[in-house]
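# Fold and geometry: a report
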Amino acid sequence: MSERTIIRIKGLAQVVVVVIIHLVIIFFLDLKKGEWEEVGGLQIALTYCAPVFLLYATCMRSLKTKKIRYNLIWLLTSLLPSAAILFKIKEIAGAEPSEPVFIELHFEQGYLELMLFFPFIYSVIQLVLWVSMWIMILSKE
């Protein structure tokens, strides 16, 4: 097999591992309740298409450098901020307001957060990672 094919397989494997870790965290935090029974697989696939594509693109960028340091940066940036966001979503979903408010937002136990906020924030994180990797790589050349 060519080197390019091996890099693509490594990239897909790493992306799958990151996605599985995110799914385990979501399952562990029990964020999927309420309206999730009505959500179809197509809607979930469409929602997470851009973040997963950006995750794959940044992974490929880190693998093409052939340096472990870039791959480790990719892995940490892909897991740590998003795990913190998921834990914060769990905290927000279970919290009651401490004082009376004019408008009270009550989330549907993770539905809105996982179908809107999390994919958007994760896409922004991956875009920032993409740009920073280009800057790091170009500054080394």
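First, a word on what this report is: a plain description of the structure on this page. (Residues numbered from 1 in each chain as written. Predicted model: local features only at pLDDT ≥ 70, side-chain atom pairs only at ≥ 80, totals over all residues. Heavy atoms only, no water.)

### A few points about the environment of Val19
Relative to the helices and strands, Val19 resides in helix 1 (residues 3-29). Relative accessible area serves as the criterion here: at 29%, Val19 is assigned to the partly exposed category. A sequence separation of 60 residues divides Val19 from Leu79, and the C-alpha atoms of the two residues are 9.3 Å apart. Contact partners of Val19, with chain neighbours within four places excluded, come to Val52 and Leu55. (Helix = DSSP H or I, 4+ residues; strand = E, 2+ residues; numbered from the N terminus. Buried < 20%, exposed > 50% of the residue type's maximum accessible area, 1.4 Å probe, protein only. Contact = heavy atoms within 4.5 Å.)

### Let's talk about the nonpolar core
Ranked by size, the top nonpolar core spans 27 residues in total, and within it Leu31, Trp74, Leu86, Leu114 and Phe118 carry the most contacts. Taken together, the elements giving at least two residues each to this core come down to helix 1, helix 2 (41-64), helix 3 (68-94) and helix 4 (111-140). (Core = buried A, V, L, I, M, F, W, Y, C linked by side-chain atoms within 4.5 Å.)

### A closer look at helix 1
The terminal C-alpha atoms of helix 1, which comprises 27 residues, lie 39 Å apart, in line with the 39 Å expected from a rise of 1.5 Å per residue. The complete set of buried residues in helix 1 reads Ile7, Gly11, Val15, Val18, His22, Ile25, Ile26 and Leu29. Asp30 occupies a position one or two residues after helix 1 and carries a positive phi of about 55 degrees. (Expected span 1.5 Å × (residues − 1).)

### Details of the packing of helix 1 against helix 2
One way to put it is that helix 1 packs onto helix 2 with a least axis distance of 9 Å and a crossing angle of 130 degrees. Here helix 1 is positioned oblique relative to helix 2, judged by the angle of their axes. Here the hand of the crossing between helix 1 and helix 2 comes out right-handed. In this structure, helix 1 contributes Ile7, Arg8, Lys10, Gly11, Leu12, Gln14, Val15, Val18 and Val19 to the contact, and helix 2 contributes Val52, Leu55, Tyr56, Cys59, Met60 and Leu63. Looking at the contact of helix 1 with helix 2 residue by residue, the class counts come to eleven nonpolar, two polar and two charged. (Axes fitted to C-alpha atoms, helices over the stretch in contact; angles between N-to-C directions. Parallel < 35°, antiparallel > 145°, perpendicular 65-115°, else oblique. Left-handed = near helix turned anticlockwise from the far one by under 90°. Nonpolar A, V, L, I, M, F, W, Y, C, P; charged D, E, K, R; others polar.)

### Points about the packing of aromatic side chains
By the definition in use, this model includes three aromatic pairs. Aromatic rings pair up to connect Tyr48, Phe118 and Tyr122 into one cluster. Taking the ring centre of Trp134 as reference, the NZ or CZ of Arg61 above it sits at 4.4 Å. (Phe/Tyr/Trp six-rings, centres within 6.5 Å; stacked < 30°, edge-to-face > 60°. Lys NZ or Arg CZ within 6 Å of the ring centre and 35° of its normal.)

### Quick word on the pattern of salt bridges
Here the structure, examined in full by the defined rule, presents one salt bridge. Between Glu3 and Lys66 there is a salt bridge; the shortest N-O distance is 2.2 Å. Here the residue Glu3 occupies a position in helix 1, and Lys66 occupies one in the loop between helix 2 and helix 3, the gap between them amounting to 63 residues. (Salt bridge = Lys/Arg side-chain N within 4 Å of Asp/Glu carboxyl O.)

### Notes on unusual backbone geometry
In this structure, Lys66 takes a positive phi of about 60 degrees despite not being glycine. Under the relative-accessibility criterion, Lys66 is labelled exposed at 58%.

### Observations regarding the side chain of Arg61
One can find Arg61 in helix 2. Overall, Arg61 belongs to the buried group, its relative accessible area being 17%. Other than its neighbours up to four places away in sequence, Arg61 contacts Trp130, Met133, Trp134 and Ile137.

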